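Here are the chains, one letter per residue:
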Amino acid sequence: MLAYQTKNDLGNLVSMADLSTNAIGNLLDRAEEFKHGAGSRFTQPVYAVNLFFENSTRTHTSFEMAERKLGLNILPFDPSTSSVTKGETLHDTLLTLDAIGANIAVIRHKQNRYYEPLIAGCDLNLGIINAGDGSGEHPSQSLLDLMTIREEFGRFTGLRILICGDIRHSRVARSNAEALGKLGAKVLFAGPQEWFDDSLSDLGEYGDWDELLPTADVVMMLRIQHERGVSNDHFDPEAYAAKYGLTVQRALHMKQGAIIMHPGPINRGVELASELVQAPNSRFVKQMQNGVYVRMAMIERICLDRHLGGLS
Amino acid sequence: MLAYQTKNDLGNLVSMADLSTNAIGNLLDRAEEFKHGAGSRFTQPVYAVNLFFENSTRTHTSFEMAERKLGLNILPFDPSTSSVTKGETLHDTLLTLDAIGANIAVIRHKQNRYYEPLIAGCDLNLGIINAGDGSGEHPSQSLLDLMTIREEFGRFTGLRILICGDIRHSRVARSNAEALGKLGAKVLFAGPQEWFDDSLSDLGEYGDWDELLPTADVVMMLRIQHERGVSNDHFDPEAYAAKYGLTVQRALHMKQGAIIMHPGPINRGVELASELVQAPNSRFVKQMQNGVYVRMAMIERICLDRHLGGLS
Amino acid sequence: MLAYQTKNDLGNLVSMADLSTNAIGNLLDRAEEFKHGAGSRFTQPVYAVNLFFENSTRTHTSFEMAERKLGLNILPFDPSTSSVTKGETLHDTLLTLDAIGANIAVIRHKQNRYYEPLIAGCDLNLGIINAGDGSGEHPSQSLLDLMTIREEFGRFTGLRILICGDIRHSRVARSNAEALGKLGAKVLFAGPQEWFDDSLSDLGEYGDWDELLPTADVVMMLRIQHERGVSNDHFDPEAYAAKYGLTVQRALHMKQGAIIMHPGPINRGVELASELVQAPNSRFVKQMQNGVYVRMAMIERICLDRHLGGLS
């Protein structure tokens with residue numbers, strides 16, 4: 001089964017753009033199997049290492065859980081006590097982990113497309129899973145969002161997905177817009193115009209937040225990324241919430257059956273009202289639950305591609 | 001078996017005040033069974049996560065060992081690389097870990113009674129074990145102290161327990177005083193008067209260090225907590241040692257059969273003479289050994305309450 | 001089998017000087033067995049803890065992998081969140097880990113011969129493996145270098161080993177020079193004269209880099225240790241590379257069949273040309289691969305000495 005469009009990406013999972021709709025469907029199907037109790041099929045040890053060069057709770061812990069549920073052996077790696085502090089390059093760090101016997105590296109890094117030279121070098125045997133690159137992609141988040149939407153509506157075609165907030169700096173916006181378009185959904189963007197990126201205009205249409213809100217089946221709120229310097233001294237959280245936040249008042253205008261999503265961590269009371277985080281139509285907790293299962297499917301997929309753990 | 005006095009605390013273990021003397025006895029009995037080789041009874045996987053927002057070697061490593069001996073799966077969590085650095089609240093962090101599938105969270109946090117809103121929220125499925133809250137409680141330390149005392153004397157009734165040092169800032173002093181009083185021991189306090197807290201006066205009697213020392217069966221020395229800003233520029237370790245430390249000279253006045261205890265880490269030569277740390281009547285090492293077994297008992301207790309790991 | 005020369009070091013592995021040539025041979029033989037698929041012989045749980053007080057990727061991760069391959073239980077330990085930050089001594093930290101039940105401590109520490117008081121104290125039950133002490137020794141690196149050389153040439157006698165660079169601050173230079181001399185090889189040193197240490201002159205002969213290079217069977221390049229303050233503001237990487245680096249041009253003068261080694265992390269383009277890192281005659285990757293197996297042999301050796309894990 002050839003799940004990837006390019007030879008370089010067979011055995012790695014770094015971008016939604018590399019996944020055909022068929023490959024996405026297979027990953028989501030397998031994630032549902034894991035969710036309903038399917039166990040690991042590994043018969044040989046597989047060694048994974050998680051390299052998080054940016055802070056994370058959700059994604060990092062979720063990959064750790066997925067790896068444990070699959071029965072993988074996990075090597076610890078802390079960038080702040082590694083040889084990276086002595087100036088070692090990412091490539092040499094991976095060359096080391098590869099030599100030591102790591103089979104899979106899950107990497108989050110602030111540099112966009114950090115994975116390209118690693119894959120192009122062709123001197124690494126380990127498989128790379130991109131857990132987020134700069135303002136680029138975040139395929140495991142996209143897949144868990146897709147899983148959550150598919151569980152809700154049973155389909156993507158014809159759905160209207162409204163993504164609101166800091167679109168320009170969001171890995172989630174880009175990955176999701178690409179995948180959802182490919183799967184037949186209509187993507188809409190809202191939020192401050194200066195945070196809209198023209199490079200996204202072929203992926204979806206930008207419009208007025210309050211006009212689009214009542215038309216959407218899925219309302220995806222993006223996080224204000226303080227840590228990326230998105231906001232500044234002049235940023236006023238209350239003003240933002242009033243203009244672009246999903247407030248309790250605004251949520252009343254949502255379409256019947258529409259759901260709220262957020263990739264987390266949430267700035268409560270800024271982009272999303274605290275009262276809505278666990279509201280009946282919020283899927284925030286379900287997204288995190290599904291995250292473990294899509295990551296199990298992603299890891300198993302890489303192991304199948306690479307004949308690791310006795311899989312083939 | 002209902003081990004807890006309040007419904008909210010069933011399935012969590014956050015304060016000695018929630019434990020009846022019967023529940024304490026059961027935990028110590030089970031800890032002794034583990035110490036004498038009893039194995040884990042888990043038949044299903046249980047996932048634990050240890051959230052230490054304050055530095056620790058003894059408590060942190062001891063919980064990690066207890067979890068390993070019980071065969072738990074342990075998720076790594078490092079506050080300094082988590083989304084807490086992006087402003088995520090403790091509640092949202094736990095909501096995440098809960099969604100991801102963690103069953104038990106062992107938490108140390110600098111805020112007193114940090115656990116109350118977490119338990120009151122009722123939206124978390126995971127069980128919370130308090131590994132120390134600010135200057136509040138430290139139940140696992142109390143239980144290991146109780147286990148060590150019970151091993152030594154076979155009883156609590158009638159024992160005189162002298163706690164000396166920084167009582168005001170000590171989690172240990174408060175937890176222990178409460179539990180020991182309930183179990184029938186007489187609690188005495190000594191040390192600098194400005195470090196005595198009037199809220200403790202119903203738990204034990206404050207008196208002169210040199211007068212009380214020869215009357216005590218157990219001498220518990222508390223740590224000078226430099227890291228909590230207890231001492232200051234004017235603090236003179238030698239003067240403190242001379243006035244309130246357990247020196248070699250002073251130890252000669254201890255009652256026959258009396259023992260020395262210290263929760264660690266020790267400021268050698270300040271509150272406790274270096275020569276006494278491993279003296280024949282010191283139980284410092286034994287306290288640390290017992291710590292693993294009481295923590296195994298605590299974790300198993302939570303799992304029983306919550307029907308985790310196939311226990312019931 | 002008495003593998004160590006001194007009673008104190010039986011059950012610890014802290015210095016190459018403690019290993020007889022026979023003991024070295026046995027460790028390398030066992031490492032080769034592990035490399036060719038030999039499994040762990042442990043029948044009882046063994047608990048290891050890795051204390052890295054200096055940053056590391058290669059050595060740290062390699063020990064973690066070795067421990068996992070042997071099936072050990074591994075306790076996490078992060079100096080930056082431990083009680084060391086509260087002033088606890090290394091000895092008290094180890095006393096704690098020992099009491100908690102750790103059987104083996106792998107330690108890297110910046111202080112030369114940090115292990116001597118720990119072993120001399122005789123109050124610790126756990127075995128100590130030195131993973132590098134200051135500018136002192138690094139026995140696991142030495143053993144992996146020896147394994148790599150023996151795999152290449154099948155012998156040590158008569159080989160000419162040229163070690164070039166910052167000899168004075170290098171743990172590798174000293175450990176290797178001692179062991180290689182004992183095994184019958186001829187050790188040569190090159191590099192800036194101010195970095196040559198007279199205490200090394202009985203271990204090998206210092207000479208001119210360009211004159212010695214064509215005579216060597218093994219060319220060991222040492223790392224410029226920026227993090228140890230070796231270089232300063234006046235250090236010119238290009239000038240260093242031109243004068244003492246192994247450049248592509250200079251490598252052309254290497255003897256037929258000679259190999260390049262480097263302990264890592266590499267300053268690419270300074271002590272070693274980037275193009276040579278994975279050249280056909282470079283053994284950089286092989287050294288890292290072999291590192292896992294010698295560490296497995298070292299750990300097993302300690303467990304045999306101490307009758308841990310059901311071994312005897």
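Per chain, residue numbering runs from 1 following the sequence as it is written. The naming scheme follows written order: chains are lettered A onward, ligands numbered 1 onward. Thresholds applied to this predicted model are a pLDDT of at least 70 for local features of residues and 80 or more for the giving and counting of side-chain atom pairs; totals over whole chains, interfaces and linings are not thresholded and use all residues. Based on all heavy atoms of the structure, the side-chain values leave hydrogens and waters out of the count.

## Focus on the relation of the copies chain A and chain C
Two chain copies here: they are related by a rotation about an axis and a translation along the same axis.
Here is step 1: Our superposition of the copies is a least-squares fit, built on the C-alpha atoms of residues whose pLDDT is at least 70 in both. After a rotation of 120° and a shift along the axis of 0.0 Å, chain A superposes on chain C with an RMSD of 0.0 Å. Here the symmetry operator amounts to a three-fold rotation axis. Taking the C-alpha atom as reference, chain A places Pro76 of chain A closest to the rotation axis, 5.2 Å from it.
Here is step 2: Every residue pair with non-hydrogen atoms within 4.5 Å of one another is taken to be in contact. Residue by residue, only 4% of the interface of chain A is reproduced at the interface of chain C, so the copies engage with different surfaces.

## Looking at the interface of chain A and chain B
Here is step 1: In this complex, chain A contributes 23 residues to the contact, which on the side of chain B involves 25 residues.
Here is step 2: Buried area: the accessible area, evaluated with a 1.4 Å probe, that two parts lose upon being put together, summed over both parts. Taken over both partners, the interface formed by chain A and chain B buries close to 2,100 Å², and the fraction arising from carbon and sulfur atoms is 57%.
Here is step 3: The largest per-residue losses of area from chain A upon contact with chain B belong to Asn55, Thr57 and Met65 of chain A, which jointly make up 27% of the total buried on that side.
Here is step 4: In what follows, salt bridge is the name for a side-chain nitrogen of Lys or Arg lying within 4 Å of a carboxyl oxygen of Asp or Glu. Along the contact surface separating chain A from chain B lie two salt bridges.
Here is step 5: Residue Arg58 of chain A pairs with Glu88 of chain B through a salt bridge whose shortest N-O separation is 2.5 Å.
Here is step 6: We call two N or O atoms a polar contact when they sit within 3.5 Å, provided that within protein one can donate a hydrogen and the other can accept it, with sequence-adjacent residues counted only if both atoms are side-chain atoms. At the boundary of chain A and chain B, one finds ten residue pairs in polar contact (both at pLDDT 80 or more).
Here is step 7: Of all the secondary structure elements, the ones that give two or more residues to the side of chain A that touches chain B are α2 (58-70) and α10 (284-306) of chain A.
Here is step 8: Secondary structure elements follow DSSP: runs of H or I of four or more residues count as helices, runs of E of two or more count as strands, with numbering from the N terminus. By residue number, the principal contributor to the side of chain A that touches chain B is α2 of chain A, which donates seven residues.
Here is step 9: In this classification, Asp, Glu, Lys and Arg are treated as charged, Ala, Val, Leu, Ile, Met, Phe, Trp, Tyr, Cys and Pro as nonpolar, and every other residue, Gly included, as polar. Across the side of chain A that touches chain B, the residue classes break down as seven nonpolar, seven polar and nine charged.

## Comments concerning the environment of Phe77 of chain A
Here is step 1: Take Phe77 of chain A: it is sitting in the loop between β2 (73-75) and α3 (90-100).
Here is step 2: Separated by 27 residues in the primary sequence, Phe77 of chain A and Asn50 of chain A have C-alpha atoms spaced 6.4 Å apart.
Here is step 3: Setting aside residues up to four positions removed in sequence, Phe77 of chain A forms contacts with Val49, Asn50, Leu51, Phe53, Ser82, Val84, Thr93 and Leu97 of chain A together with Thr57 of chain C.

## Comments concerning the side chain of Asp133 of chain C
Residue and element names in this part refer to chain C.
Here is step 1: Considering the arrangement of structural elements, one finds Asp133 in strand β4 (residues 127-133).
Here is step 2: The buried charged residue Asp133 lacks any salt bridge partner; its closest oppositely charged side chain belongs to Arg113, at an N-O distance of 5.6 Å.
Here is step 3: Within the structure, the side chain of Asp133 is placed 2.7 Å from the backbone nitrogen of Arg113, a separation counted as a polar contact.
Here is step 4: Within polar-contact distance, the side chain of Asp133 engages the backbone nitrogen of Glu137 at 2.7 Å.
Here is step 5: Residues within four places of Asp133 in sequence aside, it is in contact with His109, Gln111, Asn112, Arg113, Tyr114, Tyr115 and Arg171. Here the term buried applies to any residue with accessible area under 20% of the maximum for its type, exposed to any over 50%, and partly exposed to those in between, with areas from a 1.4 Å probe on protein chains only. Positive charges come from Lys and Arg, negative ones from Asp and Glu, while His and the chain ends are left out of the count.

## Overview of the relation of the copies chain A and chain B
Here is step 1: Between chain A and chain B, the superposition needs a rotation of 120° and an axial shift of 0.0 Å, giving an RMSD of 0.0 Å.
Here is step 2: Interface overlap between copies is the fraction of interface residues in one copy that are interface residues in the other; for chain A against chain B it is only 4%, indicating separate surfaces.

## Re the environment of Thr93 of chain C
Residue and element names in this part refer to chain C.
Here is step 1: Here Thr93 lies in helix α3 (residues 90-100).
Here is step 2: The exposure class of Thr93 is buried, given its relative accessible area of 0%.
Here is step 3: Linking Thr93 and Ser82, residues eleven residues apart in sequence, is a C-alpha distance of 8.8 Å.
Here is step 4: There is a polar contact of 3.1 Å between the side chain of Thr93 and the side chain of Glu88.

## Notes on the UniProt feature "binding site: carbamoyl phosphate" (unreviewed entry) in chain A
Here is step 1: Summarizing the sequence annotation, UniProt attributes the feature "binding site: carbamoyl phosphate" (unreviewed entry) to Arg58, Thr59, Arg108, His138, Gln141, Gly264 and Pro265 of chain A in the numbering used throughout. Considering only the annotated residues already named, the ones lining the second largest cavity are Arg58, Thr59 and Gln141 of chain A.
Here is step 2: One can find Arg58 of chain A in helix α2.
Here is step 3: According to the relative accessible area criterion, Arg58 of chain A is buried, its value standing at 7%.
Here is step 4: Beyond its immediate sequence surroundings of up to four residues, Arg58 of chain A is in contact with Pro263, Gly264, Pro265, Phe284, Met288 and Arg295 of chain A together with Ser83, Glu88, Thr96 and Ile100 of chain B.
Here is step 5: Topologically, Gln141 of chain A is positioned in helix α5 (residues 139-153).
Here is step 6: Residue Gln141 of chain A is classed as buried on the basis of its relative accessible area, which comes to 6%.
Here is step 7: With near-sequence residues (within four places) excluded, Gln141 of chain A lies in contact with Val172, Pro263, Gln287 and Arg295 of chain A. UniProt positions are given in the numbering used here, feature names are shortened, and annotations may be inferred rather than shown by experiment. In the cavity and pocket records, a cavity denotes points on a 1 Å grid over the protein atoms alone where a 1.4 Å probe fits but cannot get out, a pocket denotes an open set with protein on both sides within 12 Å along at least 5 of 7 lines, and lining residues are residues with an atom within 4 Å of a point.

## Here we look at empty space enclosed by the protein
All names here are of chain B.
Here is step 1: Grid points are joined across faces, edges and corners, and a volume is the space filled by probe spheres set on the points. Counting across every chain of the model gives five cavities of 30 Å³ or more.
Here is step 2: By volume, the largest cavity amounts to about 340 Å³.
Here is step 3: Lining the largest cavity are 28 residues, and of these Arg108, His138, Pro263, Gly264 and Pro265 sit closest to its centre.
Here is step 4: Across the lining of the largest cavity, the residue classes break down as six nonpolar, 14 polar and eight charged.
Here is step 5: These domain boundaries are the output of an automatic or database domain assignment. Both domains that meet at the lining of the largest cavity, namely domain 1 (7-138 + 290-306) and domain 2 (139-287), each give it at least three residues.
Here is step 6: One number sums up the size of the second largest cavity: a volume of about 90 Å³.

## Quick word on helix α6 (residues 171-182) of chain C
The α-helix advances 3.6 residues per turn, and as a result positions three or four apart in sequence lie on the same side.
All names here are of chain C.
Here is step 1: A helix is expected to span 1.5 Å for every residue after the first. The end-to-end C-alpha distance of α6, which contains twelve residues, comes to 17 Å, matching closely the 16 Å that a straight helix rising 1.5 Å per residue would cover.
Here is step 2: When we look at burial in α6, the residues that qualify are Arg171, Val172, Ala173, Ser175, Asn176, Ala177, Ala179 and Leu180.
Here is step 3: Two or three places before Val172, at the opening of α6, Ser170 has a side-chain oxygen 3.1 Å from that residue's backbone nitrogen.
Here is step 4: Phi turns positive one or two residues past the end of α6, at Gly184, with a value near 105°.

## Notes on the pattern of salt bridges
Residue and element names in this part refer to chain B.
Here is step 1: Taken as a whole and assessed by the stated rule, the structure comprises 48 salt bridges over all chains.
Here is step 2: Note that Arg150 and Asp29 form a salt bridge whose closest N and O atoms lie 3.0 Å from each other. One end of the pair, Arg150, is in helix α5 (residues 139-153); the other, Asp29, is in helix α1 (residues 21-35), and 121 residues separate them in sequence.
Here is step 3: Residue Arg150 is classed as partly exposed on the basis of its relative accessible area, which comes to 23%.

## Observations concerning the packing of aromatic side chains
All names here are of chain A.
Here is step 1: In this analysis, rings of Phe, Tyr and Trp, with Trp reduced to its six-membered ring, are considered paired at centre separations within 6.5 Å, and the interplanar angle assigns stacked below 30 degrees, edge-to-face beyond 60, and tilted for intermediate values. The full count for this structure, using the stated rule, is 21 aromatic pairs over all chains.
Here is step 2: Each ring, one from Phe196 and one from Tyr206, has its centre 4.9 Å from the other, and the planes form 35°; the classification is tilted. With Phe196 in the loop between β6 (186-190) and β7 (205-206) and Tyr206 in strand β7, the pair connects residues that are ten residues apart, well separated along the chain.
Here is step 3: Residue classification places Tyr206 among the partly exposed residues on the basis of a relative accessible area of 25%.
Here is step 4: Each member of the aromatic cluster is reached from another via a ring pair, and the members are Trp195, Phe235, Tyr240 and Tyr244.

## A short note on the UniProt feature "binding site: L-aspartate" (unreviewed entry) in chain A
Residues and elements named next belong to chain A.
Here is step 1: Mapped onto this numbering, the UniProt entry annotates "binding site: L-aspartate" (unreviewed entry) at Lys86, Arg171 and Arg223. Spatial dispersion of the annotated residues is evident: they stretch over 138 residues in sequence, and the largest pairwise C-alpha distance comes to 33.1 Å.
Here is step 2: With respect to the secondary-structure elements, Lys86 resides in the loop between β2 and α3.
Here is step 3: Looking at the secondary structure, you find Arg223 in the loop between β8 (218-221) and α8 (237-244).
Here is step 4: Taking the relative accessible area as the measure of exposure, Arg223 reaches 6% and is therefore buried.

## Digging into the interface of chain A and chain C
Here is step 1: Chain A puts 25 residues into the contact, and the matching count from chain C is 23 residues.
Here is step 2: The junction of chain A with chain C conceals about 2,100 Å² of combined surface from both sides, 57% of it contributed by carbon and sulfur atoms.
Here is step 3: It is Lys86, Ala99 and Ile100 of chain A in chain A that bury the most area against chain C; as a group they hold 31% of the surface buried on that side.
Here is step 4: The interface formed by chain A and chain C contains two salt bridges.
Here is step 5: For the pair chain A and chain C, the interface holds ten residue pairs in polar contact (both at pLDDT 80 or more).
Here is step 6: Among the elements that line the side of chain A that touches chain C, the one with the most residues is α3 of chain A, at eight residues.
Here is step 7: A class-by-class count of the residues in the side of chain A that touches chain C yields eleven nonpolar, nine polar and five charged.

## Considerations on the sheet that holds strand β6 (residues 186-190) of chain B
All names here are of chain B.
Here is step 1: On the basis of which strands lie adjacent, the open sheet formed by five strands has the order β7-β6-β5-β8-β9 and parallel pairing. A strand with exactly one partner marks an edge of an open sheet, and here the two such strands are β7 (205-206) and β9 (259-261).
Here is step 2: At least two bridges found by DSSP between two strands is the condition for calling them paired. In this sheet, β9 lies alongside strand β8 (residues 218-221) in parallel orientation, the contact comprising three bridges. Its bridge partner being in β9, Met220 is matched across the sheet by Met261.
Here is step 3: For helices, the fitted axis covers only the stretch in contact; all axes are lines through C-alpha atoms, and the angles between them, taken along N-to-C directions, range from 0 to 180 degrees. Against the sheet, helix α6 (residues 171-182) contacts β5 (160-164), β6 and β8, and its axis sits at roughly 155° relative to β6.

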